[in-house]
Amino acid sequence: MDEGFSYFQCGRHALKDRLKELGYELDDDQLGNIFWRFKSVAEQKKRVTDADLVALVSDEVFQPAVVWKLGDLQVTCGTLGLSTATVKLIGADGSQHVACSVGTGPVDSAYKATDLIVKEPVTLPEYSLNAVTEGIDAIATTRVLIRPQKNYTSTHALSDEIVNRTFSGTGAGMDVVVSSVKAYIGALNKVLGLRELS
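Rules used in this analysis
Residues numbered from 1 in each chain as written. Predicted model: local features only at pLDDT ≥ 70, side-chain atom pairs only at ≥ 80, totals over all residues. Heavy atoms only, no water. Pairing = 2+ DSSP bridges. Helix = DSSP H or I, 4+ residues; strand = E, 2+ residues; numbered from the N terminus. Axes fitted to C-alpha atoms, helices over the stretch in contact; angles between N-to-C directions. Contact = heavy atoms within 4.5 Å. Salt bridge = Lys/Arg side-chain N within 4 Å of Asp/Glu carboxyl O. Buried < 20%, exposed > 50% of the residue type's maximum accessible area, 1.4 Å probe, protein only.

1. Description of the sheet that holds strand 3 (residues 68–76)
Spatially, 3-4-5 is the arrangement adopted by the three strands of the open sheet, whose pairing is antiparallel. Edge positions in the open sheet fall to strand 3 and strand 5 (96–103), since each of these has one partner strand only. Strand-to-strand, the axes of this sheet are offset by a mean angle of 20°, without reference to chain direction. Note that strand 3 and strand 4 (residues 83–91) share eight bridges and pair antiparallel. Residue pairing for strand 4: Lys-69 is matched across the bridge by Ile-90. Against the sheet, helix 4 (residues 106–118) contacts strand 3, strand 4 and strand 5, and its axis sits at roughly 140° relative to strand 5.

2. Brief notes about the pattern of salt bridges
A side chain of one charge can pair with a side chain of the opposite charge if their charged atoms are brought near each other. Counted by the stated rule, this structure contains four salt bridges. Here Arg-18 and Glu-21 are joined by a salt bridge, their closest N and O atoms 2.4 Å apart. Separated by three residues within a single helix, Arg-18 and Glu-21 lie in helix 1 (residues 12–21), roughly one turn from each other. Overall, the relative accessible area of 23% leaves Arg-18 in the partly exposed class. By relative accessible area, Glu-21 is classed as exposed at 57%. Close ionic contact of Lys-88 with Asp-72 constitutes a salt bridge, the shortest N to O distance being 3.1 Å. Here the residue Lys-88 occupies a position in strand 4, and Asp-72 occupies one in strand 3, the gap between them amounting to 16 residues. A residue is classified by how much of its surface remains accessible, and Asp-72, at 44% relative accessible area, is partly exposed.

Structure representation (structure tokens):
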């Protein structure tokens, strides 16, 4: 049975040992990033499960090369008006870029604000959100699939058919809008990384 970690009992070494038991061998930088995110989650939940840890590792470690990174995000939504989002992205060179947009909901407005900064036209054929742990304070994992308007093609492995490529991104966190934006930026980073290689 997964008893989880107690915030008051788990230090960096214990976290490293538990991650190793779960099959994750992290370097010092990765462990440091996971540790502070773990502490942040643990302060809010008091009990962090193995599923929480796996979500944090997936979100922190298994991401494409960073072209853009989420700095800050603020959304306003509800029944009284349009959903708005202000997004601050940090470029690979450390520069900060801020944009605001309105949309049909908090995720839509945040994606539109992100698009104003990144300037890579894409469509979003798939968006999914899953709670990986139980309770109102669950960590949510978001997965998006985007298709660039500039077609990148590849050959289907079984049929040899030429297909337009899609790019996926994942994000995790207790705030579903933040995890959604992280997933979107992760997918955009894959597109931008491939464009640079081309």
